[in-house]
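# Topology and contacts: notes
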Amino acid sequence: MAEIRTQVAIIGAGPAGLLLGQMLHVAGVDSVILERQDRTYVENRIRAGVLEQGTVDMLHEVGVDARLKREGLVHDGVEIAFLGKRHRVDFRDLVGKTVTVYGQTEVTRDLIEARLAVGRPLVFEAADVAIHGADGDAPWLTYRKDDALHTLRCDYVAGCDGYHGVSRQTIPRHLLRTYDRTYPFGWLGILADVPPASHELIYAAHERGFALASMRSPRRSRYYIQSRIDERLEEWPDERIWEELKLRLGVSMTTGPSIEKSVAPLRSFVSEPMRWGRLFLAGDAAHIVPPTGAKGLNLAASDVYYLSRAFRSRYRSGDDYLLDAYSSMALARVWKAERFSWWLTSMLHKFHDPDSFEARMQLAELEYLIGSRAARTALAENYVGLPY
Ligand code: FAS
Ligand code: PHB
């Protein structure tokens, strides 16, 4: 059995694990990243598209923002469409901030390149990762790679392995409090190499259901429609999706063949605390938000901000205060993003009969939003990202 040692063992090479690895490297803290999938799989997942300024700042801090600065699209606002009209929420006017449209796929590719460039260990196809001794002073991981069993001894473990990972499951269940809400619909997403319908994102609340017009570049569009959770993709040829998008968004659009099509469920989930002994959870391993508020990737980044700062303090001055405060500090921001994502999802999606009280409450929420600068400011400050 091969045995190696590091200071922080990171499980998962998604945005949380990769960004944590870079932040630790810049802080002079050694880490090893273990990823279950191969590099091609990780680099080709189509997920988030909008970065908060805090996320952009962290990528700049670790020197992984060259392509982001070249190709990222800075957006000053979004449009909310309902009852046949579009209403702009101007972030720059309301809160003096912006967001950057740059796909999670690209963030992941940039972070992998950076990790390999600094020569720090990033192990793909690490199978059967198991965490041992997390509640003691000397935890270790075991995993299989190339048919050999390996041991990774460490001071701390960062569980960045997403909702289905091993980290949260390692924490004794009686020590966890979980909060869970599943939504009665999913998002059917389509990616196509066609110019976007508009220069900014359009969120549409329509009697046929929610729709979102987003993008990855001036030549690549990303769209979503609210759909049944159990949608069969074969029932959704491209032409049907394009027609539904035009009806719900109320805009003309360039159509073309999809290069990716998928249905994602929507969920609000939080697992507390985000720490057990020397195991710390970050990102989707600890929480999930419906994608409506574009918070998933950005919450992974803010967890990494708190956790990397805590490890830096621990190794530079031996001070454990920020490690001990990590879970409560991260969760304070997580819950505010959970609220915003739930609120925006509740306002924009079709849940109820159009003549129901709940549907009229949704309409009143939308009417209040477009009629109140205070309401638009509240949406703007949450969408661009609350302070860390
Ligand atoms: P990730 O899930 O990205 O990464 C976890 C990594 O750990 C993966 O690479 C996985 O292979 C690895 N792993 C898992 N178990 C392991 C084990 N036992 N051993 C080793 N490695 C293991 N967010 C948005 O903001 N906007 C969106 O539009 C959006 N769309 C989404 C669509 C889908 C289908 C999904 C699933 C999520 C979407 N999200 C979206 C949320 C998404 O972007 C996450 O918030 C983000 O990927 C979180 O990053 P991580 O916490 O790093 O988790
Ligand atoms: C995306 O471009 O994938 C995207 C943008 C905004 C969201 C969700 C997804 O709220």
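Right, let's walk through the structure included here. (Residues numbered from 1 in each chain as written. Chains lettered and ligands numbered in written order. Predicted model: local features only at pLDDT ≥ 70, side-chain atom pairs only at ≥ 80, totals over all residues. Heavy atoms only, no water.)

### Some thoughts on the site of ligand 2
Keep this limit in mind: Consider each residue's heavy atoms; a residue with any of them within 4 Å of a molecule or strand counts as near. Whenever a nitrogen or oxygen atom comes within 3.5 Å of another N or O atom, the pair is scored as a polar contact, on the condition that within protein one atom can donate a hydrogen and the other can accept it, and that pairs from neighbouring residues in sequence are kept only if both atoms are in side chains. Surface accessibility in these figures is a Shrake-Rupley result with a 1.4 Å probe; residues are shielded only by whichever protein chains are displayed. Secondary structure elements are defined from DSSP: runs of H or I of at least 4 residues count as helices, runs of E of at least 2 residues count as strands, and each element is numbered from the N terminus.
Y203, S214, R216, Y224 and P291 are the nearest of the 14 residues found near ligand 2. One of the side-chain N or O atoms of Y224 is found 2.6 Å from an oxygen atom in ligand 2. Protein chains bury 97% of the 280 Å² of accessible surface belonging to ligand 2 in isolation. Counting residues per element, the ones that place at least two in the shell around ligand 2 are strand 16 (211–217) and strand 17 (220–227). Among the elements that take part in the shell around ligand 2, strand 16 stands out by supplying 3 residues, more than any other.

### Here we look at the sheet that holds strand 19 (residues 275–276)
Put simply, the rule reads: We treat two strands as partners when DSSP finds at least two bridges between them.
The sheet built from 6 strands is open, its strands ordered 9-3-2-13-20-19 with mixed pairing. Each edge of the open sheet carries a strand with a single partner, namely strand 9 (122–123) and strand 19. In terms of strand pairing, strand 19 meets strand 20 (residues 279–281) through 2 bridges, oriented antiparallel. If you follow W276 over to strand 20, its bridge partner there is L279.

### Some points on the packing of helix 3 (residues 53–61) against helix 9 (residues 296–317)
Think of two packed helices as two axes; the pair is described by the angle between the axes and how far apart they sit. Applied cut-off: Lines fitted to C-alpha atoms define the axes here, with helix axes fitted over just the stretch in contact, and angles between the N-to-C directions of these axes take values from 0 to 180 degrees. For this classification, under 35 degrees means roughly parallel, over 145 means roughly antiparallel, 65 to 115 means roughly perpendicular, and everything else is oblique. When the near helix sits turned anticlockwise from the far one by under a right angle, the crossing is termed left-handed; a clockwise turn instead gives a right-handed crossing. Contacts: residue pairs with any heavy atoms within 4.5 Å of one another.
Between helix 3 and helix 9, whose axes approach to 9 Å, the crossing angle comes to 45°. Taken together, helix 3 and helix 9 sit at an angle that is classed as oblique. In terms of crossing hand, the pair formed by helix 3 and helix 9 is left-handed. On the side of helix 3, the interface is formed by T55, M58 and E61, while helix 9 contributes N298, A301, V304, Y305 and R312.

### Focus on the sheet that holds strand 4 (residues 50–51)
Taking strand neighbours across the sheet as the criterion, the 3 strands line up as 4-8-5 in an open arrangement whose pairing is antiparallel. Strands at the two margins of the open sheet, each flanked by one partner only, are strand 4 and strand 5 (73–75). Pairing of strand 4 with strand 8 (residues 99–101) involves 2 bridges; the strand directions are antiparallel. By the bridge assignment, V50 is partnered in strand 8 with V101.

### With respect to the site of ligand 1
Put simply, the rule reads: The nonpolar class holds Ala, Val, Leu, Ile, Met, Phe, Trp, Tyr, Cys and Pro. Asp, Glu, Lys and Arg form the charged class, and all remaining residues, Gly among them, are polar.
If you check the shell around ligand 1, you find 28 residues, and the closest are A16, E35, R47, Q104 and D284. The separation between an oxygen atom of ligand 1 and a polar main-chain atom of P15 is 3.2 Å. A distance of 2.9 Å separates an oxygen atom of ligand 1 from a polar atom in the backbone of A16. If you list the elements that add at least two residues to the shell around ligand 1, you get helix 1 (15–26) and helix 9. Looking at the shell around ligand 1, its residues break down into 13 nonpolar, 8 polar and 7 charged.

### Description of the pattern of salt bridges
Two side chains bearing opposite charge may form a pair once their charged atoms approach each other closely. The line we're drawing: When a carboxyl oxygen of Asp or Glu lies within 4 Å of a side-chain nitrogen of Lys or Arg, that pair is called a salt bridge. Three exposure classes are used, based on accessible area relative to the maximum for each residue type with a 1.4 Å probe and protein chains only: buried under 20%, partly exposed in between, and exposed over 50%.
This model, assessed by the stated rule, comprises 31 salt bridges. Residue E200 pairs with R88 through a salt bridge whose shortest N-O separation is 2.7 Å. Of this pair, E200 sits in the loop between strand 14 (177–192) and strand 15 (202–204) while R88 is found in strand 7 (residues 85–90), placing the two residues 112 residues apart along the sequence. You can call R88 partly exposed: its relative accessible area is 35%. The closest approach of N and O atoms between D324 and R275, which form a salt bridge, is 2.8 Å. Remark: R275 occurs in strand 19 and D324 occurs in helix 10 (residues 321–348); sequence separation between them is 49 residues.

### Points about the nonpolar core
How we decide: As used here, the term nonpolar core means buried Ala, Val, Leu, Ile, Met, Phe, Trp, Tyr and Cys residues forming a set that is joined through side-chain atoms within 4.5 Å.
In this structure, L19, L34, L141 and L307 are the most contacted members of the largest nonpolar core, which totals 71 residues. In terms of residue count, the dominant contributor to this core is helix 9 (9 residues). Excluding its chain neighbours within four sequence positions, the residues that come into contact with L19 are M58, L59, V62, L111, A301 and V304.

### Focus on the pairing of strand 14
With 13 bridges joining them, strand 14 and strand 18 (residues 258–272) adopt antiparallel strand pairing. By the bridge assignment, T178 is partnered in strand 18 with S271. In this structure, strand 14 lies alongside strand 17, joined through 7 bridges in antiparallel fashion. Opposite A192, over in strand 17, you have S221 as the bridge partner.

### Section: helix 8 (residues 238–249)
Inclusion rule: To estimate how far a helix should extend, the number of its residues minus one is multiplied by 1.5 Å. As used here, the arc is the angular range of directions from the helix axis to the C-beta atoms.
Across its 12 residues, helix 8 extends 16 Å between first and last C-alpha, which sits within 8% of the 16 Å expected from 1.5 Å per residue. Buried within helix 8 we find D238, I241, W242, E244, L245, R248 and L249. Around the axis of helix 8, the buried residues are gathered within 165° of arc, so they sit on the same side. Lining the buried residues of helix 8 we find strand 14, strand 15, strand 16, strand 17 and strand 18. One or two steps after helix 8, the chain reaches G250, where phi turns positive at roughly 70°.

### Some points on a negative patch on the surface
Quick note on the threshold: Patch membership requires over 30% relative accessible area and the absence of a salt bridge. Like charges are linked within 9 Å, and nonpolar side chains (Val, Leu, Ile, Met, Phe, Trp, Tyr) within 5 Å. Just so you know, the count uses Lys and Arg for positive and Asp and Glu for negative, and it drops His and the chain ends. Throughout, a charge is located at the NZ atom of Lys, the CZ atom of Arg, the CG atom of Asp or the CD atom of Glu.
On the surface, D38, E125, D146 and D147 cluster together to form a negatively charged patch. One can find D38 in the loop between strand 3 (31–34) and helix 2 (39–43).

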